[in-house]
Amino acid sequence: MPERIWMASLYIGLAAMIDFFDGLIARIFKASSEMGKQLDSLADLVSFGVAPGLIIYQFLRLSFAQQQDGIEISILWLIPSLILPCAAAYRLAKFNLDKNQQYSFKGLPVPAVGILIASLPLIYWNVNEQWVINLLLNKWFLYGLVFLLSYLMVSNIPLMSFKFKNFGIKDNVPKYLLAVISIVAIVVLKWLAVPVIMLAYVLVSLLFKNKIV
């Protein structure tokens, strides 16, 4: 089972594409509704909350399997992986109740978290760096990642949205800056670009928070 975690990454990636296009199509045809909004959030919860939580669960299993008594560990050591979908559910509910998050977000968007976690299996099996493998098999790193991402989701930290009021450079410096960082990171770092882009997203948002709020 753990060796097939990469399949979850594939399906989460497909879910991210569908999540982007369903919103775009709904806006084009002006077909939005409250029912659709709730169903969209449910799909986001499963795709970017529950599925990533199960990826963390499997990585924790792999981590403990390195120990001599790893097979006999208590299930309590694996329960923190469930914090991620719980935080995602709270974040989505908060988003649905807040009408002021069209051009900026309060807290890290759930799809962003899902994509970040989905990149971990791909990094693990495609990046031939021992320090990367050791890091992803370190249970304390995984616990810290879960708590950090969960906190960022439920927080009110202002983060940029990728909806444009216009395409002028002056009004979209943070977006264009992040785009440049992303392109460079993908070319240089390959799969490792995903966590770097996520970090850049948070830092650029905080640096230009007066422009995005």
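For the structure itself, consult the block above.
Residues numbered from 1 in each chain as written. Predicted model: local features only at pLDDT ≥ 70, side-chain atom pairs only at ≥ 80, totals over all residues. Heavy atoms only, no water.

Draft legend 1. Region of interest: unusual backbone geometry. Its identity is not glycine, yet Lys-190 carries a phi of approximately 60°, on the positive side. For Lys-190, a relative accessible area of 55% corresponds to the exposed category. (Buried < 20%, exposed > 50% of the residue type's maximum accessible area, 1.4 Å probe, protein only.)

Draft legend 2. Spatial organisation of the pattern of salt bridges. As enumerated under the stated definition, the model contains one salt bridge in all. Two residues, Asp-98 and Lys-106, come together in a salt bridge whose shortest N-O distance is 3.1 Å. Classification of Asp-98 by relative accessible area gives buried; the value is 16%. Residue Lys-106 is classed as partly exposed on the basis of its relative accessible area, which comes to 33%. (Salt bridge = Lys/Arg side-chain N within 4 Å of Asp/Glu carboxyl O.)

Draft legend 3. Molecular detail of the packing of helix 7 (residues 173-189) against helix 8 (residues 193-207). At a minimum axis separation of 9 Å, helix 7 and helix 8 run at an interaxial angle of 160°. Between helix 7 and helix 8, the crossing angle belongs to the class labelled roughly antiparallel. Considering the relative orientation of helix 7 and helix 8, their crossing is right-handed. Taken together, the residues of helix 8 that come into contact with helix 7 (itself represented by Pro-174, Leu-177, Leu-178, Ile-181, Ser-182, Ala-185, Ile-186 and Leu-189) are Ala-193, Val-196, Ile-197, Ala-200, Tyr-201 and Val-204. Of the residues belonging to the contact of helix 7 with helix 8, the class tally is 13 nonpolar, one polar and no charged. (Axes fitted to C-alpha atoms, helices over the stretch in contact; angles between N-to-C directions. Helix = DSSP H or I, 4+ residues; strand = E, 2+ residues; numbered from the N terminus. Parallel < 35°, antiparallel > 145°, perpendicular 65-115°, else oblique. Left-handed = near helix turned anticlockwise from the far one by under 90°. Contact = heavy atoms within 4.5 Å. Nonpolar A, V, L, I, M, F, W, Y, C, P; charged D, E, K, R; others polar.)

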